[in-house]
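Listed below are the residues making up each chain.
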2 protein chains.
Amino acid sequence: MRFILSETARKFMTEKPLIFVTNDDGYQAKGIRLLIDILRPLGKVVVVAPSTEMSGKSHSITTGKPLKLTTITKQEDYEEYSLEGTPVDCVKMGFDNVLSHRPDFLFAGINMGANTSINTIYSGTIAAVMEGCAENVPSVGFSLCDDRKDAPLEDCKPLVEQIIANVLKNSLPDDVCLNVNFPIGKIRGVKVSHQAKGYWTEEFDKEVKQDGHSIFWLGGQYHCTDQSDRADWNAVNDGFAAIVPMHVDFTAYKVMEQIKKQFEN
Amino acid sequence: MRFILSETARKFMTEKPLIFVTNDDGYQAKGIRLLIDILRPLGKVVVVAPSTEMSGKSHSITTGKPLKLTTITKQEDYEEYSLEGTPVDCVKMGFDNVLSHRPDFLFAGINMGANTSINTIYSGTIAAVMEGCAENVPSVGFSLCDDRKDAPLEDCKPLVEQIIANVLKNSLPDDVCLNVNFPIGKIRGVKVSHQAKGYWTEEFDKEVKQDGHSIFWLGGQYHCTDQSDRADWNAVNDGFAAIVPMHVDFTAYKVMEQIKKQFEN
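Residues numbered from 1 in each chain as written. Chains lettered and ligands numbered in written order. Predicted model: local features only at pLDDT ≥ 70, side-chain atom pairs only at ≥ 80, totals over all residues. Heavy atoms only, no water.

Q: Looking at this structure, I do not really get the nonpolar core. What am I missing?
A: Inside soluble globular proteins, nonpolar side chains tend to come together where they are buried. Residues Met130 of chain A together with Met130 of chain B are the most contacted members of the largest nonpolar core, which totals 79 residues. Not counting the four nearest positions on each side in its chain, methionine 130 of chain B is found in contact with Ile121 and Phe250 of chain A together with His59, Cys177, Met246, His247, Val248 and Phe250 of chain B. Within the second largest apolar cluster, 43 residues are counted, among which are Ile38, Ile164, Leu178 and Val192 of chain A. (Core = buried A, V, L, I, M, F, W, Y, C linked by side-chain atoms within 4.5 Å. Buried < 20%, exposed > 50% of the residue type's maximum accessible area, 1.4 Å probe, protein only. Contact = heavy atoms within 4.5 Å.)

So this is what it looks like as structure tokens:
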């Protein structure tokens, strides 16, 4: 049976919510530890997170080999597991194997590194959020736009707490999840944003091997082509926390009629 | 410098288009061989495709290890390479390392297996198409809704040819790519569609190992919750080729004001 929002509302009035947590930096990362600390007083928390870093894994799923699940701890109000799989594997494993029913909420992160603009599509953290959304669970991903694994989280912590409290109280619209990015340092406020238009140019470091094959290491440079101050990349660079409402539907509805004219005749 | 559409139009009038081809079933798969056969008379074709099957890899990129590129053939009007990487790695490698400038078009597939509904988000083939779209190259992915590796392609071939001819002649709207799915057997026509709402319920086969760990094999069942005959899954089941115009922007614009009210106060 599918999870229904009104059921959440009812539950929230009567019992502690069931909160699912994951990330793509791995279960031992600093960001998920803080997220767990914030969430534990607010409900029953179940964590299924990758055993190792899974950045850049996007919506990748593991089909050709088995998934190894390890129990880290299992208490009445708190369970934690690590999985040798991708973030989306973690959500699938959590929802359909670890939990006895759909959770009331999913929170992912806090990711170290920006998940703004086109990065959204490469991120394992955001993929986990979108997987939750596809399963009709109100889902939020948090990222700090600082690539350092030990980057300080003090500045964003109060806003993480506020956004969580808001979502636990008010939920989210059907079929909508949130992608939240925090700037480095002091935060000027919240700006609800859209995914910035932008792209990467890749630079490959080439190495020629003895057998004549070439191998390449992927690197690159991001270019933002969006001038709007409501573009997430720009909002973050202006010192705001950018909140992008997202959905799991790639359809470009605005060109439907144009495409019908081009292809249905 | 970025690729500009008007430049394509100009080129198309004066010289053969540069066409990039990839897939997620691997460069030796039956579907990409047919696609290459169709495209070679129409332009200069450059193929960079995974050396092995990369289904379900979504928009995953390889950052922690090098990418091995092998030249299969290099002729004046035709080049083919295999890459030990994901489909999106293939696009990045192709665009920024193999080619001297952005291609005029990208075609991916023909994938064996449906890339309708939520499958769109897991597919490596569709990720390659969206990567092309993010790079401002008119891009189209083709899939046959038949999982068999040797599934017959005769019924969809004429439509693949028609759609390619149409896109080469008319291009596509800016920032829009196409996801084309063919039904099994005779095709009743083309239906421009939206991505169907639906979800998977996973079933995990559990195996307990000697060290006490459990391992799981991912399997699942798809459920369509979309009643519209313009939903891609339904269009295909009705015997139509479903063409979904897609964009690389996950923003849920319709709830922007609602989310602003909820989070900006």
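Next comes the rest of the write-up.
Q: Help me understand the packing of aromatic side chains, please; the structure alone is not making it clear to me.
A: Each aromatic ring pair is described using two quantities: the centre-to-centre distance and the angle formed by the ring planes. Under the criterion given, the structure shown has 13 aromatic pairs over all chains. Each ring, one from phenylalanine 107 of chain A and one from phenylalanine 142 of chain A, has its centre 6.3 Å from the other, and the planes form 15 degrees; the classification is stacked. One end of the pair, phenylalanine 107 of chain A, is in strand β5 (residues 105-112); the other, phenylalanine 142 of chain A, is in strand β6 (residues 139-144), with 35 residues separating them in the sequence. Each member of the pair phenylalanine 107 of chain A and phenylalanine 142 of chain A is classed as buried. Ring-pair connections join several aromatic residues into one group, and the members of that group are Phe105, Phe107, Phe142 and Phe182 of chain A. We note arginine 40 of chain B situated over the ring of tyrosine 78 of chain B; from NZ or CZ to the ring centre the distance is 4.0 Å. For lysine 191 of chain B, the ring lying beneath its charged end belongs to phenylalanine 240 of chain B, and the centroid distance is 4.4 Å. (Phe/Tyr/Trp six-rings, centres within 6.5 Å; stacked < 30°, edge-to-face > 60°. Helix = DSSP H or I, 4+ residues; strand = E, 2+ residues; numbered from the N terminus. Lys NZ or Arg CZ within 6 Å of the ring centre and 35° of its normal.)

Q: Where do I start with empty space enclosed by the protein in this structure?
A: In this approach, a probe sized like a water molecule rolls over the atoms, and the result shows the empty space that is left. Using the criterion set out here, one finds 3 cavities of 30 Å³ or more in the structure. Its boundaries defined by the atoms lining it, the largest cavity holds a volume of some 110 Å³. Along its surface, the largest cavity is lined by 18 residues, and Ser58, Ile121 and Phe250 of chain A together with Ser58 and Ile121 of chain B are the ones closest to its centre. Along the lines of polarity and charge, the residues of the lining of the largest cavity split into 10 nonpolar, 8 polar and no charged. (1 Å grid on protein atoms, 1.4 Å probe; cavity = no way out; pocket = protein on both sides within 12 Å on 5 of 7 lines; lining within 4 Å. Points joined across faces, edges and corners; volume = space filled by probe spheres on them. Nonpolar A, V, L, I, M, F, W, Y, C, P; charged D, E, K, R; others polar.)

Q: Explain the interface of chain B and chain A to me, please; I cannot follow it from the model alone.
A: When the parts of a complex come together, some accessible area is lost, and that lost area is often taken as the interface size. Contact residues are listed per partner, giving 78 residues for chain B and 79 residues for chain A. At the boundary of chain B with chain A, total buried surface from both sides reaches about 7200 Å², with 63% on carbon and sulfur atoms. Looking only at chain B, the three residues that lose the most surface to chain A are Phe216, Phe250 and Phe263 of chain B, adding up to 11% of its buried area. Taken together, the connections running from chain B to chain A amount to 4 salt bridges. For aspartate 175 of chain B, the salt bridge is made with lysine 197 of chain A, and the minimal N-O distance between the two is 3.1 Å. For the pair chain B and chain A, the number of links is 24 residue pairs in polar contact (both at pLDDT 80 or more). (Buried area = accessible area lost by both parts, 1.4 Å probe. Salt bridge = Lys/Arg side-chain N within 4 Å of Asp/Glu carboxyl O. Polar contact = N/O pair within 3.5 Å; in protein donor to acceptor, adjacent residues only side chain to side chain.)

Q: Would you explain the environment of aspartate 226 of chain B in this entry?
A: Residues and elements named next belong to chain B. For aspartate 226, the position within the fold is in the loop between β10 (214-224) and α7 (232-237). C-alpha of aspartate 226 to C-alpha of alanine 196: the two residues are 30 residues apart in sequence and 5.7 Å apart in space. Excluding residues that lie within four positions of it along the chain, aspartate 226 makes contacts with His194, Gln195, Ala196, Lys197, Ala231 and Asn234.

Q: Teacher, can you tell me more about the sheet that holds strand β11 (residues 240-246) of chain A here?
A: Sheet strands associate in pairs through backbone hydrogen bonding, adopting either a parallel or an antiparallel arrangement. Spatial strand order, β8(A)-β11(A)-β7(A)-β6(A)-β5(A)-β1(A)-β2(A)-β4(A)-β3(A)-β10(B)-β9(B): 11 strands in an open sheet with mixed pairing. In the strand order of this sheet, the two ends are held by β8 (189-192) of chain A together with β9 (198-208) of chain B, each with one partner. Averaged over all neighbouring strand pairs, the angle between strand axes comes to 25 degrees, with direction disregarded. Contacts from helix α3 (residues 87-98) of chain A reach β1 (18-22), β2 (44-50), β3 (67-74), β4 (78-83) and β5 of chain A together with β9 and β10 of chain B within the one sheet, and its direction differs from that of β9 of chain B by about 80 degrees. Lying over the sheet, helix α8 (residues 256-263) of chain B contacts β7 (177-182), β8 and β11 of chain A, oriented at roughly 170 degrees with respect to β8 of chain A. (Pairing = 2+ DSSP bridges. Axes fitted to C-alpha atoms, helices over the stretch in contact; angles between N-to-C directions.)

Q: I tried to follow the environment of proline 41 of chain A on my own but got confused; where do I start?
A: Residues and elements named next belong to chain A. By the secondary structure assignment, proline 41 is in the loop between α2 (30-39) and β2. We classify proline 41 as exposed; its relative accessible area is 60%. Separated by 25 residues in sequence, proline 41 and lysine 16 place their C-alpha atoms 9.7 Å apart.

Q: Which parts of the structure should I look at to understand helix α5 (residues 124-134) of chain A?
A: Side chains that are three or four residues apart share a direction in an α-helix, a result of its 3.6 residues per turn. Residue and element names in this part refer to chain A. Along α5, 11 of the 11 residues are buried, which leaves the element largely enclosed by surrounding structure. Turning to α5, its buried residues are Gly124, Thr125, Ile126, Ala127, Ala128, Val129, Met130, Glu131, Gly132, Cys133 and Ala134. For α5, the capping residue at the N-terminal end is serine 123, with a side-chain oxygen 3.1 Å from the backbone nitrogen of threonine 125. Where α5 terminates, the next one or two residues include asparagine 136, which has phi positive at roughly 70 degrees.

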